[in-house]
There are 2 protein chains.
Amino acid sequence: MALRHAVLAALLHGEYSGYQLAKAFDIGVANFWHALPQQLYAELAKLEKDGLITGRQVVQETRPNKRLFQVTDAGFAELETFAAAVSKPSFIRDDLLVKIHAADRIDTSPLIEQLDERASAAEARAGLLTSLLDTMRGVLDEEEYLRTGERIGPYLTCLRGLSFEREHRAWCLRTAAVLRERRQARAER
Amino acid sequence: MALRHAVLAALLHGEYSGYQLAKAFDIGVANFWHALPQQLYAELAKLEKDGLITGRQVVQETRPNKRLFQVTDAGFAELETFAAAVSKPSFIRDDLLVKIHAADRIDTSPLIEQLDERASAAEARAGLLTSLLDTMRGVLDEEEYLRTGERIGPYLTCLRGLSFEREHRAWCLRTAAVLRERRQARAER
DNA sequence: GCATCCTACTCAAGAAACTGACTAATCTCT
DNA sequence: AGAGATTAGTCAGTTTCTTGAGTAGGATGC
């Protein structure tokens, strides 16, 4: 029920095409929502039909034409209503954790590999988010930015994403170490 | 595609009925997967049909009868195959973060309230997970348990959940503080 | 003693998400 | 010069998830 609101929130900070929105979802919005391009195109069409956003055609020479969307007053009102309503509990879904949950009964070698990969991926994303935060902050330091900066919303959600990635990385590395040690111990018995 | 594997992994550590499984999903498994009871009953039926689990009727005097399920050899094999395959990237989905992303453009008062509620909820869940970990660990200390304990899988996923709840709580409190300060500053202008 | 909660499930309808393929031009790298 | 990536989408089919209601007896609380 709230992909529509995630899209509205993402469109608050400027005009986006569906394609650009898909990129934004891969970086910033991915910290709290995940959606495929097909879903976004469909949702943009619905939002426009419902008058919560408006699109305008932009003709390009060297690229295919595109449609840029911005939030209407009705769209702002919708977001306001949404923000005041109770939130659903957050949820995570993670394949790898399912596998780790079964670690007692299955071969852990592929798990260790995947944990290492995950740790690297988390590190990479953490780096990306760090530089994104740097860019948003500009010359201000973090305290100052949190007090006075514009676009505080995306900044705060990126902070959440960064903290998540760092914790995730730390857990992956520790878990991989634990499983390695136990594998070794079993081999020596 | 992997609710089935989450169910299999949850059933590894003893027999469960659908109803008990739903409870387990609210506590331990919720750290990495979320599902409603209806989904679980449906999935159990499918898993049984596919021969990955078997159920046996347990007649009860004072309670309605129930069916307890356990993983078959085919089920173990299926989990093994799943564990060796590549994992999908993990994903989060969080209403509240959507709202925070829009914090520049909407009334932040309901957000501050919801952040406080979330922080309390996260604290409560962290407490729950801490005592769950205590119980699993028994007399051993953590290092010792991680080296030699049984049921290391659930222990490790609970550790992930605990770390998540703690981080989530810290972020909620900090974000609420930031929004409060900015609201105050705006009121004084 | 009455209401509500808990155990234990089932069913059906509708909304949302995922999979995978397809178009079509341009730009980049080798 | 050709392969592959990038921009900018669209479409259809299937699976999965959510919403909401219903059944039924025993236990618990006020």
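Use the structure listed above.
Residues numbered from 1 in each chain as written. Chains lettered and ligands numbered in written order. Predicted model: local features only at pLDDT ≥ 70, side-chain atom pairs only at ≥ 80, totals over all residues. Heavy atoms only, no water.

**Focus on the protein's contact with DNA strand C**
The environment of DNA strand C is made up of 24 residues, and the closest members are Gln 38, Gln 39 and Thr 62 of chain A together with Gln 60 and Arg 67 of chain B. Here a phosphate oxygen of DNA strand C and a backbone polar atom of Arg 67 of chain B are 2.4 Å apart. Partitioning the surface near DNA strand C into residue classes produces seven nonpolar, nine polar and eight charged. (Near = heavy atom within 4 Å. Polar contact = N/O pair within 3.5 Å; in protein donor to acceptor, adjacent residues only side chain to side chain. Nonpolar A, V, L, I, M, F, W, Y, C, P; charged D, E, K, R; others polar.)

**Side note on the relation of the copies chain B and chain A**
Superposition of the two copies of the chain requires a rotation about an axis together with a shift along that axis. When chain B is brought onto chain A, the operation consists of a screw motion whose angular component is 180° and whose axial shift is 0.0 Å, with 0.0 Å RMSD remaining. Within this description, the copies of the chain are treated as partners about a two-fold rotation axis. Relative to the rotation axis, the closest C-alpha in chain B is found at Ile 92 of chain B, a distance of 2.3 Å. Of the residues that chain B buries at the interface, 100% are likewise interface residues in chain A, meaning the two copies contact each other through the same surface. (Least-squares fit on C-alpha atoms with pLDDT ≥ 70 in both. Contact = heavy atoms within 4.5 Å.)

**Describing the side chain of Arg 182 of chain B**
Mapped onto the secondary structure, Arg 182 of chain B falls in helix H8 (residues 152-188). We note that Arg 182 of chain B is buried and unpaired, the nearest opposite charge coming from Asp 104 of chain B at a distance of 5.1 Å. When sequence neighbours within four positions are dropped, the list of residues in contact with Arg 182 of chain B reads Tyr 145, Leu 146, Arg 147, Thr 148, Gly 149 and Ile 152 of chain A. (Helix = DSSP H or I, 4+ residues; strand = E, 2+ residues; numbered from the N terminus. Buried < 20%, exposed > 50% of the residue type's maximum accessible area, 1.4 Å probe, protein only. Lys, Arg positive; Asp, Glu negative; His and termini not counted. Salt bridge = Lys/Arg side-chain N within 4 Å of Asp/Glu carboxyl O.)

**Quick look at the interface of chain B and chain A**
Frequently, the measure chosen for interface size is the accessible area removed from exposure when the parts meet. Contacts between chain B and chain A engage 70 residues on the former and 70 residues on the latter. Taken together, the two surfaces of chain B and chain A that pack against each other cover about 6,800 Å², and 60% of this comes from carbon and sulfur. A per-residue breakdown of the area chain B buries against chain A is headed by Arg 93, His 101 and Arg 160 of chain B, which together make up 12% of the total. One salt bridge in this structure joins Arg 174 of chain A and Glu 142 of chain B, with 3.5 Å as the shortest N-O distance. There are 46 residue pairs in polar contact (both at pLDDT 80 or more) connecting chain B and chain A. (Buried area = accessible area lost by both parts, 1.4 Å probe.)

**Digging into the packing of helix H6 (residues 109-137) of chain B against H8 of chain B**
Packed helices, taken two at a time, are described by the angle between their axes plus the distance between the axes. Residue and element names in this part refer to chain B. Running from amino to carboxyl end, H6 crosses H8 at an angle of 155°, the nearest separation of the two axes being 8 Å. When the axis of H6 is compared with that of H8, the two are roughly antiparallel. Between H6 and H8 the crossing geometry is left-handed. Residues belonging to the contact of H6 with H8 are distributed by class as follows: 20 nonpolar, five polar and ten charged. (Axes fitted to C-alpha atoms, helices over the stretch in contact; angles between N-to-C directions. Parallel < 35°, antiparallel > 145°, perpendicular 65-115°, else oblique. Left-handed = near helix turned anticlockwise from the far one by under 90°.)

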